[in-house]
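The chain contents come next:
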Amino acid sequence: MLFQANPEIDIREQSPLNLAFVGDGVFELLVRQRLVERTRMAPGKLHATCIKYVSAKGQNRALATLEGELTQTEQDVLRRGKNASKASVAKHATPQEYRASTGFEALFGWLYLTGQNDRILELFDLLWERYDPAAPVPQKIAEVAEPEAVKAE
């Protein structure tokens, strides 16, 4: 990776929201880099495509492609991020999607701040191979993200 983290504070003492703050930037930079390296899109199209990956909905769906690949420690960081409380929720995402995306960002932030750049790239490569933002929402995710309406009796 281009930058190397050198934290002066023990990462285990950081809020998961602080980890997510860093992870958001790490993940977006990876997506932007990959799009520019592998496509010939105009800037407007690059932005629109990038949003499909970095939005709360996109990160929720991307996370589903990676969860089986995470170590126990990574799952713990992810869970801490999902359980962190935020004052606001994204306009275009459900609370479940927003919490999942916060966990996803916290994981990428934690990996970056602990110097695990090879692991970041390994997970990102898996995600890039498996996740198609244009594909229909998998049923498992749809059930969590879009609960069925309560049936009238």
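Under an unreviewed UniProt entry, the name given to the protein chain is Mini-ribonuclease 3, and the organism recorded is Candidatus Allofournierella pullistercoris. On record in UniProt, under Subcellular location (unreviewed entry), the comment for the protein chain is "Cytoplasm". Of the protein chain, the UniProt comment under Function (unreviewed entry) reads exactly: "Involved in correct processing of both the 5' and 3' ends of 23S rRNA precursor. Processes 30S rRNA precursor transcript even in absence of ribonuclease 3 (Rnc); Rnc processes 30S rRNA into smaller rRNA precursors."

Helix and strand counts for the protein chain stand at 7 helices and 0 strands. Each helix and strand of the protein chain, placed in order from N terminus to C terminus, yields the pattern α-α-α-α-α-α-α. When burial is assessed residue by residue, the protein chain has 42% of its 153 residues classed as buried. At a minimum sequence separation of 6, the contacts of the protein chain that also span at least 24 residues come to 75%. For the protein chain, the exposed area adds up to about 9400 Å²; of that, 53% sits on carbon and sulfur atoms.

The UniProt entry lists D24 under the feature "active site" (unreviewed entry), expressed in the numbering used here. Considering the arrangement of structural elements, one finds D24 in helix α1 (residues 16–38). The residues touching D24, leaving out its near neighbours within four places in the chain, are Q59 and E105.

Another point: the side chain of R119. Topologically, R119 is positioned in helix α6 (residues 117–130). The buried category is assigned to R119, whose relative accessible area is 14%. In terms of polar contacts, R119 uses its side chain to reach the backbone carbonyl oxygen of E69, at 2.8 Å.

Take the pattern of salt bridges next. The tally for this structure, following the rule as stated, stands at 9 salt bridges. Notably, a salt bridge pairs E67 with K82, separated by 3.4 Å at the nearest N-O pair. Of this pair, E67 sits in the loop between α3 (56–66) and α4 (72–83) while K82 sits in helix α4, placing them 15 residues apart in sequence. On the accessibility criterion, E67 (30% relative accessible area) is partly exposed.

Take the environment of L123 next. Structurally, the position occupied by L123 is in helix α6. Taking the C-alpha atoms as reference points, L123 and L66, 57 residues apart in sequence, are found 7.1 Å from one another. Beyond its immediate chain neighbours, meaning those up to four positions away, L123 contacts L66, E69, L70, E74, L107 and L111.

Locating E74 in the fold gives a position in helix α4. According to the relative accessible area criterion, E74 is buried, its value standing at 2%. Look past the residues within four positions of E74 in its chain and what remains in contact with it is E69, L107, W110, L111, R119 and L123.

A word on the nonpolar core. In terms of nonpolar packing, the biggest core is built from 35 residues, with F27, V31, Y53, F104 and L127 touching the most fellow members. When residues of this core are traced back to their parent elements, those giving at least two are α1, α2 (43–54), α3, α4, α5 (95–113) and α6. No other element matches α5, which puts 9 residues into this core. Residues contacting L127, with those up to four places away along its chain left out, are F27, Y53, A62, T65, L66 and F104.

This part covers α4. Across its 12 residues, α4 extends 16 Å between first and last C-alpha, which sits within 8% of the 16 Å expected from 1.5 Å per residue. Listed as buried for α4 are E74, V77, L78 and G81. Along the axis of α4, the buried residues cluster in a sector spanning 100 degrees; they form a single face. Facing away from the buried side of α4, by more than 90 degrees, are the exposed residues Q72 and N83. The secondary structure elements touched by the buried residues of α4 are α1, α3, α5 and α6.

The rules behind these values
Residues numbered from 1 in each chain as written. Predicted model: local features only at pLDDT ≥ 70, side-chain atom pairs only at ≥ 80, totals over all residues. Heavy atoms only, no water. UniProt positions renumbered as here; feature names shortened; annotations may be inferred. Helix = DSSP H or I, 4+ residues; strand = E, 2+ residues; numbered from the N terminus. Buried < 20%, exposed > 50% of the residue type's maximum accessible area, 1.4 Å probe, protein only. Contact = heavy atoms within 4.5 Å. Areas by Shrake-Rupley, 256 points an atom, 1.4 Å probe, with all protein chains shown as cover. Polar contact = N/O pair within 3.5 Å; in protein donor to acceptor, adjacent residues only side chain to side chain. Salt bridge = Lys/Arg side-chain N within 4 Å of Asp/Glu carboxyl O. Core = buried A, V, L, I, M, F, W, Y, C linked by side-chain atoms within 4.5 Å. Expected span 1.5 Å × (residues − 1). Arc of directions from axis to C-beta.

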